[in-house]
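# Report on the structure
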Amino acid sequence: MEEECLEVQLNELDTLMSIFNCDSELTLDDPSVVADIRTSLGEILRTKDGHRCKGQADGRSARQHGQIGFTMKLQTENEHTIEMIFRLPLTYPKSAPDVSIRVSGLSRHNHQLYNEKLQSFIRELRPEEPVIYEIIQWIRETSDSFIEEYSNSCGVTVKPPNIPSASMDNLGFSRLWIYSHHIYNKMKRKSIVDLANDLGLTGFSVPGKPGIICVEGNQKNSEDFWQKIRSMQWKKISLIHREDLAADDLTKFEELRAFHDFEEKHFDPRTGKGREVHMDLGLLFQFLQERGFSNIFQMYFGIKGRESEQDNC
């Protein structure tokens, strides 16, 4: 059981390291522990005569390599620095991760209160599923309000953040159309939606086979989104079309958006072999056509979609 849990831990860690900056945002406690576990799992997963091997070549069990630990250091929306310390038991995700938070400016008592709230949130999460990214997002979403509430009510002084004034220098607008061989992983799907929202991008994603992602908004943020998404592990992912537009002012910029928010869309998904999920291409084409993107359908699938009878009348 431990070996299976460690496989999940390494996969989750790889995904986190593709999302966050390993130089400034995510730091491993001991990289050699991760390397040793990878080596041990490589030995365990070797098969002989079609059977799973039970031991490692060096005679050590996964338990002897130690736990995976890492620290996340992120800034909140109001530019407060939050430090999150993660320790993963050998049996995670079948058991809960060990997580604590440190916030500069909070008293010891308020740190205890915030960590208690965190533990209550962790207890409510789905058992036996990877939850690290979900915990990180909860901390990012709640920390500013917690700091504001307790700095005001408990006499704790927290230095106000320096919020820069809005910049009108870069009003370049981009719309990116991304193709993936498939999108099944729940954590990746959540990461796509969360990253788009964090960057102020609108659009949609379609899970299944194939996977489709469209993001639009600030040119630099769109490029950042693509770089972070493509750095994740994929069987195949590519940028199939890009639209770059100029806006004279913020009002014009917002008018260029074809979507009001970013969401995951489902078009009557049908199950196939194994875990394959296929969408209704007719409904997808109708969705694109209604928004003036019927030409995009051919870029994805190499065929023209069939226009509705109403449009042909």
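## A short note on the environment of Ser174
Relative to the helices and strands, Ser174 resides in strand E7 (residues 173-180). Take Ser174: its relative accessible area is 0%, and that puts it in the buried class. Along the backbone, Ser174 and Arg242 are 68 residues apart, and their C-alpha atoms lie at a distance of 7.1 Å. Look past the residues within four positions of Ser174 in its chain and what remains in contact with it is Val215, Glu216, Gly217, Gln219, Ser222, Arg242, Glu243 and Asp244. Here Asp244 takes part through its side chain, which lies 2.5 Å from a polar atom of the side chain of Ser174.

## Overview of the nonpolar core
With 60 residues, the main nonpolar core has Phe70, Ile135 and Phe225 as its most contacted residues. At nine residues, helix H4 (residues 132-153) tops the list of elements feeding residues into this core. Counting 17 residues, the second largest nonpolar core, distinct from the first, contains Ile212, Phe259, Leu284 and Leu288.

## Remarks on the pattern of salt bridges
Under the criterion given, the structure shown has 15 salt bridges. Note that Arg175 and Glu243 form a salt bridge whose closest N and O atoms lie 2.8 Å from each other. Placement of the pair is Arg175 in strand E7 and Glu243 in strand E10 (residues 237-245), with a sequence separation of 68 residues. For Asp244, the salt bridge is made with Arg242, and the minimal N-O distance between the two is 2.9 Å. Assessed through its relative accessible area of 43%, Asp244 is described here as partly exposed. A single salt-bridge network, built from bridges that share partners, covers Arg175, Glu216 and Glu243.

## Re the side chain of Asp194
Along the polypeptide, Asp194 turns up in helix H5 (residues 186-198). When residues no more than four places from it in sequence are discounted, the contact partners of Asp194 are Tyr133 and Gln137.

## Notes on the packing of aromatic side chains
Summed over the entire model, instances satisfying the criterion amount to 15 aromatic pairs. Judged by centre distance (5.0 Å) and plane angle (80 degrees), the ring pair of Phe204 and Phe287 falls under edge-to-face. Separated by 83 residues along the polypeptide, Phe204 in strand E8 (residues 202-206) and Phe287 in helix H8 (residues 281-290) bring together distant segments of the chain. Residue classification places Phe287 among the buried residues on the basis of a relative accessible area of 7%. Aromatic ring contacts, followed pair by pair, group Trp177, Phe204, Phe259, Phe267, Phe287 and Phe293 into a single cluster. Above the face of the Trp234 ring, Lys188 is positioned so that its terminal group lies 4.3 Å from the ring centre.

## What about the confidence of the model for the protein?
Confidence along the protein averages 78 in pLDDT terms, with 78% of residues attaining 70 or more. Across the protein, element-level confidence peaks in E8 with a mean pLDDT of 94 and bottoms out in strand E2 (residues 47-48) with 39. Ignoring residues within four places in sequence, the model shows residues 46-62, a span with pLDDT below 50, making 24 contacts including any to other chains. In the model, residues 308-313 has pLDDT below 50 throughout and makes three contacts with residues more than four positions away in sequence or in other chains.

## Some points on the packing of H8 against helix H9 (residues 294-301)
Across the interface, H8 lies against H9 with an axial gap of 7 Å and an inter-helix angle of 140 degrees. It follows that H8 is oblique to H9 by the angle criterion. Residues Leu281, Leu284, Phe285, Leu288 and Gln289 of H8 pack against Ser294, Phe297 and Phe301 of H9. In the contact of H8 with H9, the residues fall into six nonpolar, two polar and no charged.

## Observations concerning the sheet that holds strand E9 (residues 211-218)
One open sheet accounts for five strands, arranged E10-E7-E9-E8-E11; its pairing is mixed. Taken across any chain shown, the strands that pair with only one partner, and hence form the sheet edges, are E10 and strand E11 (262-264). Strand-to-strand twist across the sheet, computed as the mean angle between neighbouring axes with direction ignored, equals 10 degrees. Here E7 pairs with E9 via eight bridges, running antiparallel. Within E9, the position partnered with Tyr179 by the bridge is Ile212.

## Thoughts on the side chain of Glu216
You can see Glu216 is positioned in strand E9. The class for Glu216 is buried, based on a relative accessible area of 0%. Here the side chain of Glu216 touches Phe259 through a polar contact of 2.8 Å, landing on its backbone nitrogen. Every residue in contact with Glu216, bar those within four places of it in the chain, is listed here: Phe173, Ser174, Arg175, Leu201, Thr202, Ser222, Leu256, Arg257, Ala258 and Phe259.

## A closer look at the sheet that holds strand E6 (residues 98-103)
In space, the four strands of this open sheet follow the order E1-E4-E5-E6, with antiparallel pairing throughout. Both edges of this open sheet fall to strand E1 (26-28) and E6, since each of them pairs with a single strand only. Direction aside, the axes of adjacent strands within the sheet are offset by 20 degrees on average. Both E1 and strand E4 (residues 68-75) contribute to a ladder of three bridges, which runs antiparallel. Its bridge partner being in E4, Thr27 is matched across the sheet by Thr71. Lying on the sheet, helix H1 (residues 2-19) is in contact with E1, E4 and strand E5 (81-88); it crosses E4 at an angle near 25 degrees.

About the thresholds
Residues numbered from 1 in each chain as written. Predicted model: local features only at pLDDT ≥ 70, side-chain atom pairs only at ≥ 80, totals over all residues. Heavy atoms only, no water. Helix = DSSP H or I, 4+ residues; strand = E, 2+ residues; numbered from the N terminus. Buried < 20%, exposed > 50% of the residue type's maximum accessible area, 1.4 Å probe, protein only. Contact = heavy atoms within 4.5 Å. Polar contact = N/O pair within 3.5 Å; in protein donor to acceptor, adjacent residues only side chain to side chain. Core = buried A, V, L, I, M, F, W, Y, C linked by side-chain atoms within 4.5 Å. Salt bridge = Lys/Arg side-chain N within 4 Å of Asp/Glu carboxyl O. Phe/Tyr/Trp six-rings, centres within 6.5 Å; stacked < 30°, edge-to-face > 60°. Lys NZ or Arg CZ within 6 Å of the ring centre and 35° of its normal. pLDDT = per-residue confidence, 0-100. Axes fitted to C-alpha atoms, helices over the stretch in contact; angles between N-to-C directions. Parallel < 35°, antiparallel > 145°, perpendicular 65-115°, else oblique. Nonpolar A, V, L, I, M, F, W, Y, C, P; charged D, E, K, R; others polar. Pairing = 2+ DSSP bridges.

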